[in-house]
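Fold and contact review
So you can see what is in the structure, the chains are spelled out below.
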Amino acid sequence: MEAQKRMRNARLCVVQFSGLATEIIKNLVLAGVGELTILDDAVATKLDLESNFFLTKDDIGKSRAESAIKRIEALNPNVNVKADVANSKDKDASYFRSFDVVICCEAALPEQFRINSACRDVAGGGKDPVFFASMCMGYDAFFFEDVGPTFQYMPKSAGGDSNGGERKNGESSTANKLKTVHGISMKEAFSTINTIARCKEILGRRMRRHLRLLSTVTILVRNALAEQEGGEYTSDLSSLKRTREKLSPKEAADAVVSDADLESSALTFGGALTSVLSIVGGIMAQEALKVVSRKGEPLHNCVLYDGKRAGGREVFLPPPPVLTSGKAERIASRKRKAPPVEVLDIL
């Protein structure tokens, strides 16, 4: 009953009304969340009709968010659906911290970093929203989940065995059986991945077949961080190649991620096959509902999906080290390595 109450009172914000957002919104509304705000300032184009089933040809040239409201509400009249046609860049921390969950769908990476930081900015008052960031690149997709500085949840099997059937490394259990997990921002997670070898270490041998995808995502993110620090952001191929070479100083620059891989990722960034959008959107919506109800352990802390192999993995990106007594030591959650999870298991 408590989980259902949280669902009915939950306020969620979806940034960018893309094809991926369409799948996420559909699942959230059908599940019966309390309020859903679509933050999107774009107008509908012919291209949107290929992946956004809430839009029709009559909506071309009109606001994407406003045009779809009535069709979304028809799925579940009990959900309060709102359209905010402002640009996300005009929203500050107080805006994002008024929600329980903020889902960034394929916005430019620097803007995803900014929104993630805004969700963690306690000066903005309000809540500590759980943040989701996503990247779609043709057959490939990735999403990251930041539950915030401190997040408490009830293990699904609480009341059963002493461990609640949950992974417990890096977590603490309270007297009322709630468990606590500490999230990290997307920027922090990628700040310590400075070589392709580090990607290999994170994945381990059992998940090495996902090395190309994690390395590609890392190149895109690290490139965005470097460009952002310089005051601008570009995703041109030459810039991505330079970032790739910095990440693989002791091996052939294109040994893991070829020029063709980089070019394909740059060209298809923000777009994906509808089948990929459906699967990834379903997983993201499920995770959003899980953190809203606080029933069950959240993912730690990203998911890689390879559409060509029709398989995905949960991957834990560890936080940066902290200094203790003059020595660099990993914080407790650094030692937690989330085991690989097949997409069918996630679903």
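Basis of the calculations
The residue count restarts for each chain, going from 1 along the sequence in the order it is written. For this predicted model, a pLDDT threshold of at least 70 governs which residues receive local features, and a threshold of 80 or more governs which side-chain atom pairs are given and counted, while totals over whole chains, interfaces and linings are taken from all residues. Each side-chain value is worked out from all heavy atoms of the structure, with water and hydrogens disregarded. Going along the chain from the N terminus, every DSSP run of H or I of four or more residues is numbered as a helix, and every run of E of two or more is numbered as a strand. Whether a residue is buried, partly exposed or exposed follows from its accessible area with a 1.4 Å probe, protein chains only, as a fraction of its type maximum: under 20%, in between, or over 50%, in that order. We call two residues contacting when some pair of their heavy atoms lies within 4.5 Å. Using a 1.4 Å probe, the Shrake-Rupley method yields the accessible areas, and only the shown protein chains count as cover for residues. To estimate how far a helix should extend, the number of its residues minus one is multiplied by 1.5 Å. The term nonpolar core refers to a set of buried residues drawn from Ala, Val, Leu, Ile, Met, Phe, Trp, Tyr and Cys, joined through side-chain atoms within 4.5 Å. When two rings of Phe, Tyr or Trp (its six-membered ring) have centres within 6.5 Å they constitute a pair, described as stacked for plane angles under 30 degrees, edge-to-face for angles over 60, and tilted for the intermediate range. Think of it this way: DSSP has to see at least two bridges between two strands before they count as a pair.

This paragraph deals with the overall build of the protein. The helix and strand inventory of the protein stands at 12 helices and 14 strands. Here the protein, with 347 residues, has 51% of them falling under the buried criterion. Looking at the protein alone, contacts between residues at least 24 apart form 69% of all its contacts between residues at least 6 apart. For the protein, the computed accessible surface area is about 15,500 Å², with 50% contributed by carbon and sulfur atoms.

Our focus in this paragraph is helix 11 (residues 274-293). Between its first and last C-alpha, helix 11 extends 28 Å over 20 residues, near the 28 Å set by a 1.5 Å rise per residue. Within helix 11, 15 of the 20 residues are buried, which leaves the element mostly enclosed by the surrounding structure. One or two positions beyond helix 11, positive phi appears at Arg294, with a value near 60 degrees.

Once that is clear, we can look at the nonpolar core. Across soluble globular proteins, you tend to see nonpolar side chains buried next to one another. Grouped together as the largest cluster of nonpolar side chains are 49 residues, with contacts concentrated most on Met186 and Leu317. The dominant element in this core, judged by the number of residues it contributes, is helix 8 (residues 211-229), at nine residues. The next biggest cluster of nonpolar side chains, apart from the first, holds 48 residues, and it includes Val14, Ala141, Phe151 and Tyr305.

Take Arg242: it is sitting in helix 9 (residues 237-247). Spatially, the C-alpha atoms of Arg242 and Ile219 are 9.4 Å apart, while their sequence positions differ by 23 residues.

Inspection of the entire model under this criterion finds six aromatic pairs. Ring centres 4.9 Å apart and planes at 55 degrees place the aromatic pair Phe53 and Phe54 in the tilted group. Geometrically, the ring pair formed by Phe142 and Phe190 is edge-to-face, given 6.0 Å between the ring centres and 65 degrees between the ring planes. Residue Phe142 is located in strand 6 (residues 140-146), and its partner Phe190 is located in helix 6 (residues 186-191); the two are separated by 48 residues in the primary sequence. With respect to burial, Phe142 and Phe190 carry one shared label: buried.

This brings us to the pairing of strand 11 (residues 302-306). Burial analysis of strand 11 places five of its five residues in the buried class, the great majority of the element. Residues of strand 11 alternate between two faces, with Cys302, Leu304 and Asp306 on one and Val303 and Tyr305 on the opposite face, all of them buried. In this structure, strand 6 lies alongside strand 11, joined through five bridges in antiparallel fashion. Bridged to Phe143 within strand 11 is Val303. With five bridges joining them, strand 11 and strand 12 (residues 311-315) adopt antiparallel strand pairing. Looking across to strand 12, one finds that Tyr305 is bridged to Gly312. Once strand 11 ends, the chain turns through four residues before running back antiparallel as strand 12, passing Ala310 with a positive phi of about 55 degrees.

Before going further, it helps to examine the pairing of strand 3 (residues 80-84). Where strand 2 (residues 35-39) meets strand 3, five bridges bridge the pair, whose relative direction is parallel. Bridge assignment links Leu39 to a residue of strand 3, and that residue is Asp84.

That bond from His300 to Asn301 is cis: its omega, -15 degrees, falls within 30 degrees of zero. Within the element layout of this structure, Asn301 appears in the loop between helix 11 and strand 11. Backbone geometry at Gln16 places phi at a positive 80 degrees, although glycine is not the residue there. Turning to its location among the elements, Gln16 is positioned in the loop between strand 1 (11-15) and helix 2 (19-31). If you check the backbone angles, Ala310 has positive phi at about 55 degrees while not being a glycine. The residue Ala310 is located in the loop between strand 11 and strand 12 in this model.

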